[in-house]
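So the chains spell out like this:
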Amino acid sequence: MTKQGNKSNSTSSIWGGRFSGRQDDLMVAVNASIDFDQRLYDQDIAGSEAHARMLAAKGIISTADADAILSGLNTIRDEIRTGVFDFSHALEDIHMNIEARLKTLIGEPAGRLHTARSRNDQVATDLRLWVRQQCDDIDRACKALQHALMDQAEHHADTLMPGYTHLQTAQPVTFGHHLMAYVEMLGRDRGRFRDARQRLNMSPLGAAALAGTSFPIDRHMTASELGFDAPMANSMDAVSARDFAMEYLAAAAITATHLSRLAEEIIIWSSDRFAFIQLSDAFSTGSSIMPQKRNPDAAELVRAKPGRITGAFITLLTVIKGLPMTYGKDMQEDKEPLFDASDHLGLAIAVMEGMIRDMTVNKAAMRSALDAGFATATDLADWLVSALGLPFRDAHHITGQVVALAEKKQLRLDQLTLADLQSVHAGCDANCLAVLDPVASVTSRNSFGGTAPKQVRAAIAEARKRFS
């Protein structure tokens, strides 16, 4: 059961002319967004500055009023940045908190600022500016992570390790090649954020409540001043569209998923059974009861981030899915999941960069794991095809018999003798012994995009240019 609230002592001055009764405290609580939308203050002030200058340029307000507004807004920006601004729940949101303070500072001219605009186009503008900045920030963070991966990949371009499918040993690869896979994934992530940024970079300002305005405004002027490519073409779409935020969150969810995959590998690699890498104390924790433990908690937390980031994406889709044109108060619920997801994605990328730069690679453990897994079996099958002309399916069957023999003898494939191989297929000769060596296997994978150290180093050099 909902507890009935008390009547508030004040009616909002924003729309108080229409209402004479007092608001219930519960209405104030559910309606206010200032606790979270105050982070939009810089975007809100920037939009107001552009709007004031345009109003003056078009003769809608006087130059003196515009100058007073701009001076007051600059003071408010400083007050918020220095932490002395007093945010009020009664004023609902960042827009009205700033406008109310502006009136206190400069008096009557403050009331002219809202000419030819609405909170509907104002918040849509603020949010686009904020998401645009997040796209840029995430792009820079992903770039830093890519370069951390490339630095490690360059150092380990010829460090051998098992490549896995189904988490079972598959073929020999280099650790550098493995890390470069994530460089490519992050490159696509950056592309999604850049695409989202390009599509969102249209200005809603001047669409007013939903229908535009009768004042002779210049929407191209404000769009240009705010760094938008152009004003949005339809005033109803301008105030109601949130697909730009959905697209940003979709890109964020995919990026978080990629980070989670890498985090899982770090967790596996740092486990006792693998011991491929070790994280220092800087990115590890201990146990409250087991003193020997070194836990990869940073990686585990990154692995968990897609839960809340993908959840934010689903939240926004669900909020918007049934809304008719144009603005509904439901849209107030777009900000908290958006802000939360962006904060946690930025943190996850930074933490991942830290772990990649921090980790120490155990080459011996990687090589030991590679030696234990019959990883060059495919090389033998390929040799049977290329040297003896066997159909691949026959070569596959013969190689399977060789693996079974090695397993029975408890030997690595490269420890088998020529007699062992010839006992399975008489066509084997001394040349096929060479292909069973993991180093030879890796070196032979010299096709474009392959794991050969030469290809890995070439890929790193190219990636440093492409992802500069």
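Residues numbered from 1 in each chain as written. Predicted model: local features only at pLDDT ≥ 70, side-chain atom pairs only at ≥ 80, totals over all residues. Heavy atoms only, no water.

Scanning the chain from N- to C-terminus turns up 19 helices and 6 strands. Rg of the C-alpha trace for the chain: 31 Å, well past the compact-globule value of 23 Å for 468 residues, more than 25% over. In terms of overall dimensions, the chain has a C-alpha envelope of 100 × 50 × 40 Å along the principal axes. Looking at the 468 residues of the chain, the share that counts as buried comes to 48%. (Helix = DSSP H or I, 4+ residues; strand = E, 2+ residues; numbered from the N terminus. Rg over C-alpha atoms; globule rule 2.2 N^0.38 Å. Buried < 20%, exposed > 50% of the residue type's maximum accessible area, 1.4 Å probe, protein only.)

Another aspect to go through is the packing of helix α3 (residues 41–57) against helix α4 (residues 63–81). Taken N-terminus to C-terminus, the directions of α3 and α4 make an angle of 170 degrees; their axes are 9 Å apart at the nearest point. For the element pair α3 / α4, the angle class is roughly antiparallel. Here α3 contributes Y41, D42, I45, A46, S48, E49, A52, R53 and A56 to the contact with α4, which in turn contributes T63, A66, I69, L70, L73, I76, R77, I80 and R81. Classifying every residue of the contact of α3 with α4 gives 11 nonpolar, 2 polar and 5 charged. (Axes fitted to C-alpha atoms, helices over the stretch in contact; angles between N-to-C directions. Parallel < 35°, antiparallel > 145°, perpendicular 65-115°, else oblique. Contact = heavy atoms within 4.5 Å. Nonpolar A, V, L, I, M, F, W, Y, C, P; charged D, E, K, R; others polar.)

Let's shift gears to the confidence of the model for the chain. The predicted model of the chain averages 93 in pLDDT, with 96% of residues at 70 or higher. Contacts from residues 1–5, a stretch scored under 50 in pLDDT, to residues over four places away or in other chains number 6 contacts. (pLDDT = per-residue confidence, 0-100.)

Attention shifts here to the pairing of strand β1 (residues 160–165). As judged from the 6 bridges shared by β1 and strand β2 (residues 168–174), these two strands associate in the antiparallel manner. Following the sheet pairing, L160 is matched in β2 by T174. Hairpin geometry of β1 and β2 is characterised by an intervening segment of 2 residues between the two adjacent antiparallel strands and by a positive phi of about 55 degrees at H166. (Pairing = 2+ DSSP bridges.)

With that out of the way, let us pick up the nonpolar core. One finds L149, F175, I266, L345, M352 and I356 to be the most contacted residues of the largest nonpolar core, which totals 91 residues. Not counting chain neighbours up to four residues away, the residues in contact with F175 comprise H156, T159, M161, W269, I277, M359, V361 and M366. (Core = buried A, V, L, I, M, F, W, Y, C linked by side-chain atoms within 4.5 Å.)

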